[in-house]
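# Chains, contacts and geometry: an overview
Read off the chains here:
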Amino acid sequence: MLAQSCLLYCRAGFEKEAAAEIMQLAQQAGIQGYVKARPDTAFVLFYPTSPLEPEALNTALNFSEMVFARQLVLVSQHIQGLPENDRVTPLLASVEALQCPFHDVVLEPADTNEGKQLSSFLKKFSTPLRRALEKKQLLQASSPWRLHLFFIDSSEVHVGLAHNDNSSPHTMGILRLKMPGAAPSRSTLKLDEAFLTMLNTQEQEKYLRNGMTAVDLGACPGGWTWQLVKRDIRVIAIDNGPMNDTLMASGMVEHIRADGFKYLPSKPVDWLVCDMVERPLHITRLMLRWLREGHCLHACFNLKLPMKKRYDMIIECRDVLRDGLADINGHYRVTMRQLYHDREEITCMVIKLN
Ligand code: SAM
């Protein structure tokens, strides 16, 4: 069965950015189409002018390049008016028509207040549906596809597939993290999520090792520094404010009261992290300077989004970074993403691969 649309989940309020992004990526891939997006719904639908095979769309659209999309689902059918007394039968028919096995099924609402109200219905409904799918032997452990049923309400659903290698593995595209009791600030979750989602398990072992060093610009009270120390990385924390006392007592942190835009380390460090609230281009150029001059190997930083032209600004920052990294030694990977724990900001990670 052909994919009628691409469904992208995003943070509520960022539908315009997710829409601009998918339009641009599709255009670059030579796919004409249009977008349907309503404010504060936390999702966007892209309709190719002519429906395509899910494999073709999956190859053309690279999830890792998406900044504002939390999840990418290739939708085969939009069902409206599911009967209250038997939702399973029409859903089963729609899933069978896919003619594609899948290894798992997830029932999801949008990440909005209305969506939250569907949670208990979805929990209850998932058991009979899963049983029906198993009975028809539609679940196959070896399949790279995951079946997504995205419910707008209890009678309207988008049925589609997401590929393991081109989607988020997390329900609703959200990695939920518990606030560690000992961390000095909630900001800590942003860097934790960045490490856990922008690096795979092997990369986490390779790039976050005991004995490495880091500089944290705008470090106070120390949530980001805490994540590095937790991974046995020594940190130079730059900020005029006060650092958390317990964190300082670890002996892993040197606190220097200095301007983050002027400070440079005497020896190169493995990581530069930065959570200073400043204009995005200003931060991007500072990060680029450190990378180009060899003061750090890798960087992770947040870019606060402006009020207007948020998508254009992010693209501008990405281009400045990519152009600036293109003519220096080494191969860099730049990932940008609006993480679940980011609000009016996005996270950018630059990894020196060799
Ligand atoms: N990442 C921190 C955490 O996890 O606890 C929170 C950082 S807070 C959002 C921003 C910090 O940047 C503030 O503590 C502020 O003092 C610092 N800051 C802003 N401009 C700075 C500058 N030019 N130089 C050094 N620090 C700066």
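Note that the structure is a prediction, hence the values are computed from the model and not measured. Every residue gets a number counted from 1 within its own chain, in the order that chain's sequence is written. Predicted model: local features are reported for residues with pLDDT of at least 70 only, side-chain atom pairs are reported and counted for 80 or more only, and whole-chain, interface and lining totals are derived from all residues. Working from all heavy atoms in the structure, the side-chain values ignore hydrogens and water.

## Some words on the overall build of the protein chain
Formally: Under the DSSP-based scheme used, a helix requires at least four consecutive residues in state H or I and a strand at least two consecutive residues in state E, with every element numbered from the N terminus. The rule is simple: take the accessible area with a 1.4 Å probe, protein chains only, and divide by the maximum for that residue type; under 20% is buried, over 50% is exposed, in between is partly exposed. Contacts are assigned to residue pairs that have any heavy atoms within 4.5 Å of one another. Accessible surface is estimated by sampling points in the Shrake-Rupley manner with a 1.4 Å probe; for residues, cover comes only from the protein chains shown. Here the positive residues are Lys and Arg and the negative ones are Asp and Glu; neither His nor the chain ends is included. By convention, the charge on Lys lies at NZ, on Arg at CZ, on Asp at CG and on Glu at CD.
From N to C terminus, the protein chain includes 11 helices and 14 strands. Projected onto its principal axes, the C-alpha coordinates of the protein chain cover approximately 65 × 45 × 40 Å. For the protein chain, with 354 residues in total, the buried portion stands at 55%. Excluding contacts between residues fewer than 6 apart, the proportion of contacts in the protein chain whose partners are at least 24 apart in sequence is 66%. Only carbon and sulfur atoms are counted for the fraction: they give 49% of the accessible area of the protein chain, which is about 16400 Å². The average position of the 40 basic charges and that of the 40 acidic charges among the side chains of the protein chain differ by 2 Å.

## A word on the packing of aromatic side chains
What counts here: Under the pairing criterion, centres of Phe, Tyr and Trp rings, with the six-membered ring standing for Trp, must be within 6.5 Å; the plane angle then separates stacked pairs below 30 degrees from edge-to-face pairs above 60, leaving the rest tilted. Placement of a positive charge over a ring is assigned whenever Lys NZ or Arg CZ falls within 6 Å of the ring centre and within 35 degrees of the normal to the ring plane.
According to the stated counting rule, one finds 10 aromatic pairs in the structure shown. An angle of 10 degrees between the planes, with centres 5.3 Å apart, marks the rings of tyrosine 34 and tyrosine 47 as stacked. With tyrosine 34 in strand E2 (residues 33-37) and tyrosine 47 in strand E3 (residues 43-48), the pair connects residues that are 13 residues apart, well separated along the chain. For tyrosine 34, a relative accessible area of 43% translates into the label partly exposed. Judged by centre distance (5.7 Å) and plane angle (80 degrees), the rings of phenylalanine 121 and phenylalanine 151 are edge-to-face. Of this pair, phenylalanine 121 sits in helix H5 (residues 119-135) while phenylalanine 151 sits in strand E6 (residues 145-153); the two residues are 30 residues apart in sequence, bridging distant segments of the chain. Here phenylalanine 121 and phenylalanine 151 have matching classes, each one buried. Directly above the aromatic system of phenylalanine 63 lies the positively charged group of arginine 337, at a separation of 4.3 Å from the ring centroid.

## Focus: the pairing of strand E8 (residues 213-217)
Heads up, the condition is: In this description, strands pair whenever DSSP reports at least two bridges between them. Orienting the strands away from the viewer, one traces the path from the first strand over the helix to the second; a clockwise path indicates a right-handed crossover.
Counted residue by residue, E8 has 4 buried out of 5 residues, so it is predominantly covered. Alignment of E8 against strand E9 (residues 234-238), held across 5 bridges, turns out to be parallel. Looking at E9, one finds that threonine 213 is bridged to arginine 234. Crossover E8 to E9 through helix H8 (residues 223-230) is right-handed. Sheet topology note: the E8/strand E11 (residues 269-274) ladder contains 4 bridges and is parallel. Each bridged residue has a counterpart across the sheet, and for valine 215 the counterpart in E11 is leucine 272.

## Structural notes on the site of the ligand
Condition: Any residue with a heavy atom positioned within 4 Å of a molecule or strand is treated as near that molecule or strand. The term polar contact refers here to a pair of N or O atoms within 3.5 Å; inside protein, the definition further demands a hydrogen-donor-capable atom paired with an acceptor-capable atom, and it admits residues adjacent in sequence only when both atoms are side-chain atoms. Only Asp, Glu, Lys and Arg are considered charged in this grouping, and only Ala, Val, Leu, Ile, Met, Phe, Trp, Tyr, Cys and Pro are considered nonpolar; every other residue, Gly among them, is considered polar.
Near the ligand lie 16 residues; those nearest to it are Ser185, Gly223, Asp239, Gly260 and Asp275. Aspartate 259 has a polar side-chain atom sitting 2.9 Å from a nitrogen atom of the ligand. Between a nitrogen atom of the ligand and a side-chain N or O atom of aspartate 275, the distance comes to 2.9 Å. Per-class residue counts for the shell around the ligand are 7 nonpolar, 6 polar and 3 charged.

None of this, on its own, says anything about what the molecule does.
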